[in-house]
Amino acid sequence: MAGRILKEDIDALRQQADIVAVIGDYTTLRRAGRSFKGLCPFHTERTPSFTCTPDGNYFHCFGCGASGDIYDFLQRVEGLDFPEAVETLARRTGFPLRYEQLSNRERRAIGERSRLVAVSHLARDHFVRRLLGDEGTDAREYLKTRGFGRTEADTFQLGFAPEAWDDLSRALVADGVEPEDLIAIGVSVRNDRGGLRDRFRGRVIFPIQDPGGDVIGFGGRVLPGIDFGDFEPPKYLNSPETPLYRKSRVLYGVPQARSEIVARDQVLICEGYTDVIALNQAGFANAVATCGTAVGAEHLRALARYTKRVVLAFDADRAGMAAAERAWEAVRELTGSGTTALDLSVLPLPEGRDPADLVREVGADGMRDAVAAARPVVPFLIAARLGQADLSSEQGRVAALREALTVLGQEADPELRRGWARSEVARPLGLAYDLVVATAARQGIVLDAVEGVATTRAARPARRDAAAVGPDPAVTDARLERSVLRVVLQAADLLPPVAGELSATSFRHPSATAVWRAIAAAGGPGSATDAVLAAAEDDLVRDVVRGLLLEEDPAASDEEPDLRRRAATDLVHRLIARDLVEQEQALRERLATHDAGGDPEGVLSLQRELQELAARRRALRGTDGG
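About the criteria used
- Residues numbered from 1 in each chain as written.
- Predicted model: local features only at pLDDT ≥ 70, side-chain atom pairs only at ≥ 80, totals over all residues.
- Heavy atoms only, no water.
- Phe/Tyr/Trp six-rings, centres within 6.5 Å; stacked < 30°, edge-to-face > 60°.
- Helix = DSSP H or I, 4+ residues; strand = E, 2+ residues; numbered from the N terminus.
- Buried < 20%, exposed > 50% of the residue type's maximum accessible area, 1.4 Å probe, protein only.
- Lys NZ or Arg CZ within 6 Å of the ring centre and 35° of its normal.
- Pairing = 2+ DSSP bridges.
- Axes fitted to C-alpha atoms, helices over the stretch in contact; angles between N-to-C directions.
- pLDDT = per-residue confidence, 0-100.

A.B. asks: Can you walk me through the packing of aromatic side chains in this structure?
C.D. replies: Here a ring pair, both rings aromatic, is described through the centre-centre distance and the interplanar angle of the planes. This structure, assessed with the given rule, holds 16 aromatic pairs. Between Phe206 and Tyr252, the ring centres sit 6.4 Å apart and the planes meet at 90°, which makes this aromatic pair edge-to-face. Taken together, the residues Phe206 in strand 9 (residues 203–209) and Tyr252 in strand 12 (residues 251–252) connect sequence positions 46 residues apart. Across this residue pair, the class does not change: Phe206 and Tyr252 are buried. Judged by centre distance (4.7 Å) and plane angle (75°), the ring pair of Tyr252 and Tyr273 falls under edge-to-face. Taken together, the residues span a long stretch of sequence, with Tyr252 in strand 12 and Tyr273 in helix 12 (residues 273–281) at a distance of 21 residues. The exposure classification of Tyr252 matches that of Tyr273, with both residues buried. The ring of Phe42 carries Arg76 above its face, with NZ or CZ at 5.4 Å from the centroid. Between Arg201 and the ring centre of Trp165, over which it is positioned, the NZ or CZ distance is 3.9 Å.

A.B. asks: How should the sheet that holds strand 15 (residues 309–312) be read in this particular structure?
C.D. replies: Strands belonging to one sheet form pairs held by backbone hydrogen bonds; the direction of such a pair is parallel or antiparallel. Spatially, the 6 strands line up as an open sheet ordered 12-14-13-15-16-17, and their pairing is mixed. Where the open sheet ends on each side, the last strands, each with one partner, are strand 12 and strand 17 (375–376). Of the pairings in the sheet, the one linking strand 12 to strand 14 (residues 287–290) comprises 2 bridges and is antiparallel in character. Residue Leu251 lies in a different strand from strand 14, and its bridge partner there is Thr290.

A.B. asks: Could you clarify how one ought to interpret the sheet that holds strand 6 (residues 159–161) in this entry?
C.D. replies: Taking strand neighbours across the sheet as the criterion, the 4 strands line up as 6-9-10-11 in an open arrangement whose pairing is antiparallel. Sheet topology places strand 6 and strand 11 (236–238) at the edges, where each strand pairs with a single neighbour. Looking at each pair of strands side by side, their axes are set apart by 30° on average, direction ignored. Examined bridge by bridge, strand 10 (residues 215–222) and strand 11 share 3 bridges and lie antiparallel to one another.

A.B. asks: Explain the confidence of the model for the protein here, please?
C.D. replies: Predicted coordinates in areas of low pLDDT are best not read in detail. In this model, the protein carries an average pLDDT of 84, and 85% of its residues clear a pLDDT of 70 or more. Here helix 20 (residues 453–469) stands out as the element of the protein with the lowest mean pLDDT, 36, in contrast to strand 6, whose mean of 98 is the highest.

A.B. asks: Help me understand unusual backbone geometry, please; the structure alone is not making it clear to me.
C.D. replies: The phi angle of most residues is negative, glycine excepted, and most peptide bonds adopt the trans form. Look at Asn57: it is not a glycine, yet its phi comes out positive at around 55°. Of note, Asn57 is situated in the loop between strand 3 (50–53) and strand 4 (58–61). A positive phi is found at Asp265, a non-glycine position, where the angle reads about 55°. Looking at the element boundaries, Asp265 is found in the loop between helix 11 (254–264) and strand 13 (267–270).

Written as structure tokens, this is what we have:
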């Protein structure tokens, strides 16, 4: 029964689920003290600034500011609303949710994505049953001819769609599935009479999953030998674009390949479902495939969270070269947007062979050697251009040189440009390197070694001027306040007794003041994280609190508790001393006023106050925190 999820189940699931395991489906995380760090799934970055902790199940990115709990993460990364995020997490962890009673209209409005995923799983289960039943004999025989058995079928949840017009549609509607939901996930279409017919017929079915394992689409390979009459069906058929399935973002086999991609720090991208399964079977479980589309920026952005080393296993024909060029364009697009540059290589396949054929012919060792010999994409594309050129004439060689330089000029690394100009252009064409350099210069491509010197020299005075200005006092104050709040939230037991004097007026930055108010409202330093977050005024303050909780403490790596305590004491003393200095300055101004006005008693009183403040400040400076 769908409906509003009981609040106690939402809270219990939030506490029980492992945010590290969930986020690990979308980016590679590595332990950093009590937390885990990785590249942010929400923006492109070169160095990890995304941090999460299992203690409280929250995350924070110090790069883009994204912050929240485990539900917020799923809402952001998958584009879900809150009920869908809760239901998605419950499915992944096997947590049984309970619902309140609602009207039919309210039930249908809640958790649309979760409902469509559930329907997709029902369709997957139906296809699997057909493959394993009497109807699937021919499909199982076909899989055997490809070398696949029950193990591969189970690993990749393979299925079979019989040749009947409405086998799936009729069965799922009879089980209570709404026809519109079958249309929405792309497995059924309306026929001429307004009924349903199946999109996939007479095909081996390959369920397509998101990184978390939810089925979001299907691919189907037509069985050989089926007579479709006058109609010649496409060999492969994929789901259409749906609320779940976006082919420009989806790669086949990611849940099965993810851990191996991380372990090998490399991913193989193929063009076919059976290529992925054959490579997985042969020990290359780091293989994925596009779903009937070219490798694009979104595909590579998703893979960049697991590895920077990408190998394209494409046909060595014009289509394969065009696919490699599009992938190379996508790499440059990502590099320009700030993503770490990917190491893109190409494993050209023998003519008429796909990766599945190759691994069966050469075995695991031969495939390993072939992958190791994959060529960087720029030399591959240059060689492909030269291979299509007429090198028998001087005119043809000059034209080939220009073509090769067009590719070479897109490489941003000047050292690689120079090296490849010699090895991949000048040498194969039998031309002098100087001629290549001169031709490149006419095309606006710099190959000489003096590149960039003027820029470097011009930048130096600016750096000296910047250093002479010194740090901004407001920035210094904000950093001090942030450091104190970090200790209050992360290690309140290290605070000195004088920390009891801290109040909202001890902080100047509005965000710091708001965080302190939340801490005070929750019961002061040492309060539970959930209580502080609950007491925060709004989501912006909660984001700051989570960021402070996840921020690395420079002293935390020190194993000596006394040293950490002294570091915490120093921060608190500096913050209190800052206020004392301001009070002293205010007293001096008042003292000058009283002195000028001939008020000896007032002057004496202010002088005593000034001496007390100065003595207190000196005492703070002399305390070592031990």
